[in-house]
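# Structural features, examined
So you can see what is in the structure, the chains are spelled out below.
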Amino acid sequence: MVCATTLQRKMLLLPVWASMLLGLLMGFVPVVGMEPTEGAKSDFDHAPNTEPLPSSSGTNCSQLTLKLEFSSKVVEHEYIIAFTGYFSAKARSLYISSALRNSGDGALEWHIVPRQNPASDFPSDFELVHIHQASPSSLLTLEDHPYIKRVTPQRKVFRMLKYIPSPEPAAPCNATRQSWQSSRPFRRTSLSLGSGFWHATGRHSSRRLLRAIPRHVAQILQADVLWQMGHTGSGVKVAVFDTGLSEKHPHFKNVKERTNWTNEKTLDDGLGHGTFVAGVIASMRECQGFAPDSELHIFRVFTNNQVSYTSWFLDAFNYAILKKIDVLNLSIGGPDFMDHPFVDKVWELTANRVIMVSAIGNDGPLYGTLNNPADQMDVIGVGGIDFEDNIARFSSRGMTTWELPGGYGRVKPDIVTYGSGVRGSGLKEGCRSLSGTSVASPVVAGAVTLLVSTVLNRELVNPASMKQALIASARRLPGVNMFEQGHGKLDLIRAYQILNSYKPQASLSPSYIDLTECPYMWPYCSQPIYYGGMPTIVNVTILNGMGVTGRIVDKPIWQPYLPQNGDHIDVAVSYSPVLWPWAGYLAVSISVAKKAASWEGVAQGHVMVTVVSPAENDSEAGGELTSTVKLPIKVKIVPTPPRSKRVLWDQYHNLRYPPGYFPRDNLRMKNDPLDWNGDHIHTNFRDMYQHLRSMGYFVEVLGAPITCFDASQYGTLLMVDSEEEYFPEEITKLRRDIDNGLSLIIFSDWYNTSVMRKVKFYDENTRQWWMPDTGGANVPALNDLISVWGMAFSDGLYEGDFTLADHDMYYASGCSIARFPEDGIVIAKNLKDQGLEVLKQETAVVEGVPILGLYQTPSDGGGRIALYGDSNCIDDSHRQKDCFWMLDALLQYTSYSMTPPSLSHSHSRVAPPTGTERPLPQRLEGNHLYRYSKVLEPHLGDPKPRPLPACPHLSWAKPQPLNETAPSNLWKHQKLLSVDLDKVALPNVRAYRPQVRPLSPGESGAWDIPGGIMPGRYNQDVGQTIPVFAFLGAMVVLSFFVVQLTKSKSKPKRRKPRIKRPTYLQQQQQQQQQQQQTTTGKTPGV
């Protein structure tokens, strides 16, 4: 009976199983991970001005491009007063009133600006004060107070989201490419929004009718592998600093707190950017986020008018520290790495173990365009790639420019990930696709949140250890240099393996120096080193996963490999005295030893560095943690090139924003007024550098005064767009050097005091309105430098197109030559008077404007001088038509004394000007160049040159040679210590392979997961593999029941065995039988 009953139940369940499986096959029953029939709606339905977006019929996404612009200005009369610690509101008020009383200005009007936000009930380290007509003396008196650290102006930040019709053809939602554009949309023609906006690989150019089935970025990065293991971000607090989030958005199930830091009375997102970012991190349905179970903390720091203030961010940052936030995403940035209140607060955040993830900016493909705070060592800076693993054109490039001119920039971004066409949550519901590094940033922030939730010992997770895991696990992209990709593409699974076998340690970024490895180690690999050249400087970041603070013990040790000719190079090392927070620098200078002056080959060695940090647990032996790291070094050495092939780039006299206001060289670029790219051969003059290398020239960088180089080693000194003044000793030495054979090429720019007054700007460091203290270049200083040869530039301002030596040229806001020796060669062109246009809005064409001059100095063996009035034709920032051909011609003239016939016999050649046609420019009266000049210092209202600084002196490390062979592959040889990936087991899941098939009209790529994400119920191919699995499952179930039924019919029936009853029951039964026999007289049959 038991077997029969069980079989009957199984047979009864068969119709149920069969119907369910058939329903799956036919699409009647919804399954977790399958697409809804109608597709997801696009509910990013409101433009910034709350106007509805135009709908696009037949698709679930609007065909629009989204442009993101940033700008800022100073709020008049409002100042942020930073204190040395956290104090109550009453104490802060007392300190300010006490300091202002000491100023002696009894009529000073001031009051504390109230800040009504969640942080106002807690102690703070700053106050916002309104001071009417504050004098410099009263502000200085404030800073003299012992508890006041700094006084800076309040900044108002504007972020503009602009919708424009997409220039691309209409496409289904999965193909929509909407871009977060930079604040400089007209700066470079290469940033157009046409088909060239994306890197084209040509891999699928013949298959345009097929599209990749839409994937969510979390599945592509294999987040579902960790979901299947039960990790979904639970217990991790992640903060989104953006435009807010609607309370009842269906994509989020664990929004712990929404706070408003603006002056608007709402917590909702009126723009959609904050919702999109939060969705990439923690959406639980449709366009899935990485960590759906994480605790989402929404900080609304932008209004619906896209306005924010520095004080709002400072208050919100303080509250994030108070709430013990684990991960913070900041999809904003700007070029001002000297905004002290903001930068200091970011340091404080990371010091409190907040892992900050930030976008590096959308100012690519130009180099030297990193945004702050992503360029800070303690922040994870994220760049963007597309789904074909190409660096996105919009993604900003390194290097950092904090260290210029004396040093060299650091490697940034730290990591890259998908930032093109990423799907995220819509404003109310549904999904949409957007692009930009502000999209790539939440991808990493979501991945970091998920990774934190996988670590059992959360004490091991800090900003340094997380960055170490990310960069050590990153997949390097082929054919891309380190200033584009950082350490490579985010690899979530490898990062999980590293993080879960991690032991606190120090590491280096980059982890090795290989000047022979191209293209990854560009620009270091682009030029070999040689004896007598300027030392090659590599700025390495030390990441200290052992603690927020640390130090380098003893001194770094240089150990050359003798079998690999390591004794042919000299190494000097400088480093941070304190590693805080979580990081520091290690500057390595490499030079060739004298004995290798004529030698060619490869030399190798390594630098050993020991880092110690206080142990968080005092029970540790000695109370300190120690970590020793090795920095392998490999260089290519060649014999010293001839003097004529060596070009020296003057970096010392280039100034840029910040700290001062230095205007752009091209005044047409009104949306990009600041000169902030560093003016370095590896940033905005990269193309020029590449061209010179292709022509066989060796280009070196001078980061010190002109008095600090041996002119006999160089053929030409190249000065481009110089804004700095010159020491008298520099002027004297340059004259002597040119008399002895050094040649000089100068590319100048505009300088006109009337135009400078027209483009006035609020200088945040001086806290007053100022005109720029130089023009595009410091022409008066250049005139002082070249006056001994009877040369000078004018204060004219010209632009226009022309042809020179059969080459099309464009003159962009350049000056003219006002005076030149009579035996020199001068080329003149007809140009528009741009100065007249700026000042009076009038247009006039000036004939015969002298723009180019060539001169051979009269001394025996003397050098040659070439002047040109505009640098924009060799500057990547705004170059429209390059003049590299002309630079080649000028170098032929200066290095080899070969006068180009195309110039000497040009029909545009005119008589040299005598200086009477136009007055020479004078320095702007009352300028404040001395505030950020390396040359000038204030002196009784009339700045004068400082004492000439000593030339940099490197202390070469004493070598400790090793008689052993160096590793052959430095990249693969370098790994984090104590990390064994084999010890961390993973589920056996199939790697993601993109499926390709035609999309039906109106088909949506959205997923609908009722009830949220459940670990283990789906994988990245679930939408396509469910029908196959359902069919196989049905066959298995049917086969099972058929076998069971067959077995039950073929078995012979067995007699039931008698159950042996107890003795007393048998006796009772016999008595009952005897009674029956007596009554009936019958004997029962057996």
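Quantities reported herein were computed from a predicted structural model and do not represent experimental measurements.

## Here's the deal with the overall build of the protein
- Each helix and strand in the protein was counted, giving 22 helices and 41 strands.
- Counting only residues that meet the buried cut, the protein has 58% of its 1086 residues in that class.
- Sequence-distant contacts, at least 24 apart, represent 80% of the contacts inside the protein between residues at least 6 apart.
- Surface summary for the protein: the accessible area is close to 45,400 Å², and the carbon and sulfur share equals 52%.

## Here's the deal with the pattern of salt bridges
- Going through the model one piece at a time under the given rule, you end up with 31 salt bridges.
- Its salt-bridge partner being R150, residue D344 comes within 2.6 Å of it at the nearest N-O pair. Remark: R150 occurs in strand β4 (residues 148–165) and D344 occurs in helix α8 (residues 340–351); sequence separation between them is 194 residues.
- Its relative accessible area of 17% is what places D344 among the buried residues.

## Description of helix α2 (residues 89–101)
- In this model, α2 (13 residues) spans 18 Å end to end at C-alpha, consistent with the 18 Å of a helix rising 1.5 Å per residue.
- Along α2, the residues classified as buried are A91, R92, Y95, I96, S97, A99 and L100.

## A look at the UniProt feature "active site" (unreviewed entry) in the protein
- Within this structure's numbering, the places UniProt gives as "active site" (unreviewed entry) are D242, H273 and S438. Over a stretch of 197 residues, the named residues converge on one spot in the fold, their C-alpha atoms separated by at most 10.7 Å.
- On the secondary structure map, D242 appears in strand β6 (residues 237–242).
- Given a relative accessible area of 1%, D242 falls into the buried group.
- If you trace the backbone, S438 turns up in helix α9 (residues 437–454).

## Focus: the sheet that holds strand β18 (residues 536–544)
- Taken together, the four strands give an open sheet; going across it, the order is β16-β18-β22-β21, and neighbouring strands pair in antiparallel fashion. In the strand order of this sheet, the two ends are held by β16 (506–509) and β21 (569–575), each with one partner. Between one strand axis and the next, the sheet turns by 25° as a mean value, whatever way the strands run.
- Both β18 and strand β22 (residues 583–592) contribute to a ladder of eight bridges, which runs antiparallel. Along β22, the bridge assignment pairs V538 with V588.

## Considerations on the sheet that holds strand β10 (residues 327–330)
- Reading across the sheet, the seven strands line up as β7-β8-β6-β10-β11-β12-β13 and stay open at both edges, with parallel pairing between neighbours. This sheet does not close on itself; its edge strands, each paired only once, are β7 (255–260) and β13 (415–418). Strand-to-strand twist of the sheet, defined as the mean angle between neighbouring strand axes without regard to direction, takes the value 25°.
- Looking at chain direction, β6 and strand β8 (residues 295–300) are connected through six bridges and run parallel. Its bridge partner being in β8, F241 is matched across the sheet by F299.
- Set on the sheet, helix α10 (residues 463–473) makes contact with β11 (355–359), β12 (380–385) and β13; between it and β12 the angle comes to about 30°.

## Let's talk about helix α12 (residues 492–499)
- The element α12 is largely enclosed, with a buried count of seven among its eight residues.
- Within α12, burial applies to L492, I493, A495, Y496, Q497, I498 and L499.
- Check the buried side of α12 and you find it contacts α5 (223–228), α9 and α10.
- Capping the start of α12 is the job of one residue whose side-chain oxygen sits 3.4 Å from the backbone nitrogen of I493: D491.

## Here's the deal with the packing of α9 against α12
- Relative to each other, α9 and α12 sit at 35°, their axes nearing to 10 Å. With respect to the hand of their crossing, α9 and α12 are arranged in right-handed fashion. Where α9 approaches α12, its residues A447, L450, L451 and T454 are matched on the opposing element by L492, A495, Y496 and L499.
- For the contact of α9 with α12, a count of residues per class yields seven nonpolar, one polar and no charged.

## As for unusual backbone geometry
- Backbone torsion omega between K412 and P413 reads 0°, so that peptide bond is classified as cis.
- In this fold, P413 is placed in the loop between β12 and β13.
- Here W522 and P523 are connected by a cis peptide whose omega angle stands at 5°.
- Turning to its location among the elements, P523 is positioned in the loop between β17 (513–514) and β18.
- A positive phi angle is found at E286, which is not glycine, with a value near 55°.
- The residue E286 is located in the loop between α6 (273–282) and β8 in this model.
- The backbone phi angle of D721 is positive, close to 55°, even though this residue is not glycine.
- Looking at the secondary structure, you find D721 in the loop between β27 (716–720) and α14 (728–739).

## Structural notes on a nonpolar patch on the surface
- Together, F1031, L1032, M1035 and L1038 line one region of the surface with nonpolar side chains, adding up to about 360 Å² of accessible area.
- Here M1035 lies in helix α21 (residues 1022–1050).
- Judged by relative accessible area, which is 38%, M1035 ranks as partly exposed.

## Points about the packing of aromatic side chains
- Under the criterion given, the structure shown has 26 aromatic pairs.
- In this arrangement the basic side chain of R693 is found over the ring face of F698, its NZ or CZ atom lying 4.9 Å from the centre.
- Between the NZ or CZ atom of K934 and the centre of the ring of Y652, over which it lies, the distance is 4.8 Å.

## Here's the deal with the pairing of strand β24 (residues 624–637)
- Bridging between β17 and β24 involves two bridges; their strand directions are parallel. Bridge pairing in β24 places I513 opposite I633.

## With respect to the side chain of S294
- Within the secondary structure, S294 sits in the loop between α6 and β8.
- Beyond its immediate stretch of four places on either side in the chain, S294 contacts T232, G233, S234, V236, V238, N254, A282 and T449.

## Points about the nonpolar core
- Grouped together as the largest cluster of nonpolar side chains are 80 residues, with contacts concentrated most on I633, M688, F747, Y868 and M886.
- For this core, the element with the most residues is helix α18 (residues 884–896), which contributes seven residues.
- Apart from residues no more than four positions distant in its own chain, M886 is found in contact with F747, L804, M809, L852 and Y868.
- One finds V238, V439, V455 and V480 within the second-largest nonpolar core, a separate group that totals 60 residues.

## Some words on the environment of A392
- With respect to the helices and strands, the residue A392 is situated in the loop between β12 and β13.
- Sequence spacing of A392 and G419 is 27 residues, and the spatial spacing of their C-alpha atoms is 7.5 Å.

Conventions adopted
Residues numbered from 1 in each chain as written. Predicted model: local features only at pLDDT ≥ 70, side-chain atom pairs only at ≥ 80, totals over all residues. Heavy atoms only, no water. Helix = DSSP H or I, 4+ residues; strand = E, 2+ residues; numbered from the N terminus. Buried < 20%, exposed > 50% of the residue type's maximum accessible area, 1.4 Å probe, protein only. Contact = heavy atoms within 4.5 Å. Areas by Shrake-Rupley, 256 points an atom, 1.4 Å probe, with all protein chains shown as cover. Salt bridge = Lys/Arg side-chain N within 4 Å of Asp/Glu carboxyl O. Expected span 1.5 Å × (residues − 1). UniProt positions renumbered as here; feature names shortened; annotations may be inferred. Pairing = 2+ DSSP bridges. Axes fitted to C-alpha atoms, helices over the stretch in contact; angles between N-to-C directions. Polar contact = N/O pair within 3.5 Å; in protein donor to acceptor, adjacent residues only side chain to side chain. Left-handed = near helix turned anticlockwise from the far one by under 90°. Nonpolar A, V, L, I, M, F, W, Y, C, P; charged D, E, K, R; others polar. Patch = residues over 30% accessible without salt bridge, like charges linked within 9 Å, V, L, I, M, F, W, Y side chains within 5 Å. Phe/Tyr/Trp six-rings, centres within 6.5 Å; stacked < 30°, edge-to-face > 60°. Lys NZ or Arg CZ within 6 Å of the ring centre and 35° of its normal. Core = buried A, V, L, I, M, F, W, Y, C linked by side-chain atoms within 4.5 Å.

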